[in-house]
Amino acid sequence: MPWDPGKDVVEVVRGPRPGAAGGAYRAFGETLRGLKTTFARMIEGPHTIQYPEQKVPVYPRFRGRHKLHRFDDSDPTHPNLEKCVGCSLCAAACPADCIRVVAAENTPENRISAGERYAAVYEINLSRCIFCGYCEIACPFDAITMGHDYELSDYDRSDLIFTKEMLLAEPVERTPLRNEGE
Amino acid sequence: MILADVAYYEEWWIQVIKAIVIFAVALQLVPVILIAERKLLGRFQGRYGPNRVGPYGALQPLADILKLLTKEHSRPTTSIGFLFAVAPMISILTAVAAFAIIPFGNVQNIFGTPVGLYGIDVSIGPLYLFAFGAVAFYGIMLGGWSSGSKYSFLGAMRGAAQLISYEVSQGLALVGVIFTAGTLSLTGIVQAQAGMWYIVPQFFGFIIFLVASFAETNRAPFDLTEADAELVGGYNTEYGGGRFASYFFAEYLNVLVVSGIVTTVFLGGWMMPFGIHPPGWVDPFVVLFKMAIISFFFIWVRATLPRLRYDQLMSFGWKILLPLATLNTLVTAILVTVTH
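This part covers the overall build of chain B. Counting its secondary structure elements, chain B contains 11 helices and 2 strands. In chain B, the succession of helices and strands from N to C terminus is α-α-α-β-β-α-α-α-α-α-α-α-α. On C-alpha atoms alone, chain B measures out to a radius of gyration of 20 Å, which is about the 20 Å that the 2.2 N^0.38 rule sets for 340 residues. The dimensions of chain B, computed from C-alpha atoms along their principal axes, are 60 × 50 × 50 Å. Considering only contacts in chain B between residues 6 or more positions apart, those separated by 24 or more positions represent 78%.

To continue, consider the interface of chain B and chain A. If you look at the interface, chain B gives 12 residues, while chain A gives 13 residues. For the side of chain B that touches chain A, the secondary structure elements donating two or more residues are α1 (12-44), α10 (283-304) and α11 (310-339) of chain B. Class assignment of the residues belonging to the side of chain B that touches chain A gives a composition of 6 nonpolar, 4 polar and 2 charged.

This next bit is on the pairing of strand β3 (residues 117-125) of chain A. Residues and elements named next belong to chain A. Pairing of strand β2 (residues 99-105) with β3 involves 7 bridges; the strand directions are antiparallel. The residue of β3 that forms the bridge with isoleucine 99 is isoleucine 124. Of the strand pairs in this sheet, β3 and strand β5 (residues 161-162) are connected by 2 bridges, and their pairing is antiparallel. Looking at β5, one finds that isoleucine 124 is bridged to phenylalanine 162.

So, about the confidence of the model for chain B. On average, residues of chain B score 83 in pLDDT, and 96% of them are at 70 or above. Listed scores for the predicted complex are pTM 0.79 and ipTM 0.75.

In a packed pair of helices, the relevant descriptors are the angle between the two axes and the axis-to-axis distance. Interhelical geometry of helix α1 (residues 21-44) of chain A versus α10 of chain B gives an angle of 100 degrees and a closest axis separation of 9 Å. On the basis of their axis angle, the class for α1 of chain A and α10 of chain B is roughly perpendicular. Contacts between α1 of chain A and α10 of chain B pair Gly34, Leu35, Thr38 and Phe39 of chain A from the former with Trp300, Ala303 and Thr304 of chain B from the latter. Class assignment of the residues belonging to the contact of α1 of chain A with α10 of chain B gives a composition of 4 nonpolar, 3 polar and no charged.

Parameters and conventions
Residues numbered from 1 in each chain as written. Chains lettered and ligands numbered in written order. Predicted model: local features only at pLDDT ≥ 70, side-chain atom pairs only at ≥ 80, totals over all residues. Helix = DSSP H or I, 4+ residues; strand = E, 2+ residues; numbered from the N terminus. Rg over C-alpha atoms; globule rule 2.2 N^0.38 Å. Contact = placed C-beta atoms within 7 Å. Nonpolar A, V, L, I, M, F, W, Y, C, P; charged D, E, K, R; others polar. Pairing = 2+ DSSP bridges. pLDDT = per-residue confidence, 0-100. Axes fitted to C-alpha atoms, helices over the stretch in contact; angles between N-to-C directions. Parallel < 35°, antiparallel > 145°, perpendicular 65-115°, else oblique.

See the structure below:
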């Protein structure tokens with residue numbers, strides 16, 4: 001009884017020799033198949049995203065430009081105060097060393113943050129930032145989070161050092177957010 | 001000595017107007033096929049193609065031409081100046097001259113004057129075409145050689161070998177049609193197709209002619225003369241500005257000429273299918289429509305097939321295309337003799 005190799009063995013069917021008449025005949029057939037393929041791609045239509053007009057929506061956890069946060073106006077205990085207390089934990093966690101925090105004491109006349117101290121200077125050098133999100137994780141008060149903005153090019157390096165005012169200001173949301181199931 | 005008969009002579013002033021009109025039409029059609037090619041190539045590759053200049057990118061060829069014409073004329077110190085300047089002119093001249101014999105319609109009454117809607121209706125139509133095809137080869141050859149650059153020279157050499165190889169098959173493919181029609185006049189060939197277009201009885205001739213035409217016009221997959229991956233730009237490597245624009249123009253005009261010849265010889269010229277006889281002014285549009293279909297096919301093939309290797313090109317031309325063309329001619333000759 002001959003040994004049955006089963007379905008594991010693939011039979012190799014060799015095509016005609018490329019240079020010979022059979023090869024030319026087959027090449028003609030393959031050419032037609034190729035033409036069909038390209039025509040199908042044309043019917044299918046373009047897959048381009050017209051970038052400046054259309055944008056790829058980002059996922060909710062996308063790490064874009066940073067944001068600093070304030071407490072809501074509606075909260076009577078902390079009216080419109082900054083969440084950042086100037087602890088510099090974000091600066092310590094930053095692997096790229098792009099955050100600079102200079103803290104100052106809050107006074108009863110000049111109360112800026114909810115804690116004892118506040119960030120007098122808070123700068124992020126976005127030309128050095130690697131968007132790892134460690135600052136967000138390090139922050140004990142959720143004062144800094146990563147936003148969704150990724151269009152950060154500028155004409156000057158010094159323009160990429162974002163100050164506290166810029167980070168606190170409501171950013172222009174230029175990036176669409178990906179919806180559930182998208 | 002009469003070299004060729006001309007079926008119908010107009011007044012000299014009509015000839016002049018016709019010459020201007022043909023050149024104008026050729027000039028208008030080239031930007032159209034330029035933008036069509038770029039848009040269609042984009043679609044074939046799943047993208048849009050140029051769509052920034054003007055509505056839907058329609059002004060892109062204008063911007064391209066403007067860019068090329070405002071560029072500096074530079075040439076290598078090793079080049080031969082006179083030939084370097086003349087070569088693109090030869091290319092453009094032969095392409096426009098070949099365009100002159102494509103019939104866009106029969107003789108028609110325009111304001112009471114009978115005018116043939118073609119440059120000239122010579123009794124040696126295909127021969128005229130091949131004569132100018134052979135001269136066009138000098139445009140490529142001289143351009144590549146006079147550049148004084150090895151890449152240009154290699155491209156020109158390949159071009160020479162390729163054009164000579166495929167011109168034979170192209171000519172033989174037309175011989176079958178000429179046997180069947182019994183005339184060398186292109187309008188005569190169109191009128192002979194009143195019953196049935198020659199694409200049906202001369203199908204193999206049509207295929208062979210089309211394939212050989214791809215090689216004759218240096219289009220993909222036979223664009224070895226300007227194989228940009230290996231030869232930088234082939235015969236036009238050293239050209240820039242307006243001279244490059246001339247080569248570019250001639251290349252696309254050649255595509256149009258070949259489309260026109262295929263339309264005339266195999267697709268029934270200005271005839272409509274199913275015995276529809278529209279008024280005479282529709283004829284040029286019928287021809288243009290058929291030309292557009294063939295040009296679309298050219299672009300389609302360019303989007304599909306990769307470039308052939310040089311030895312593949314040669315063996316395909318001499319070992320497959322030429323025997324097939326000869327066989328086609330032979331069988332046609334026998335059939336024509338038997339049926340008459």
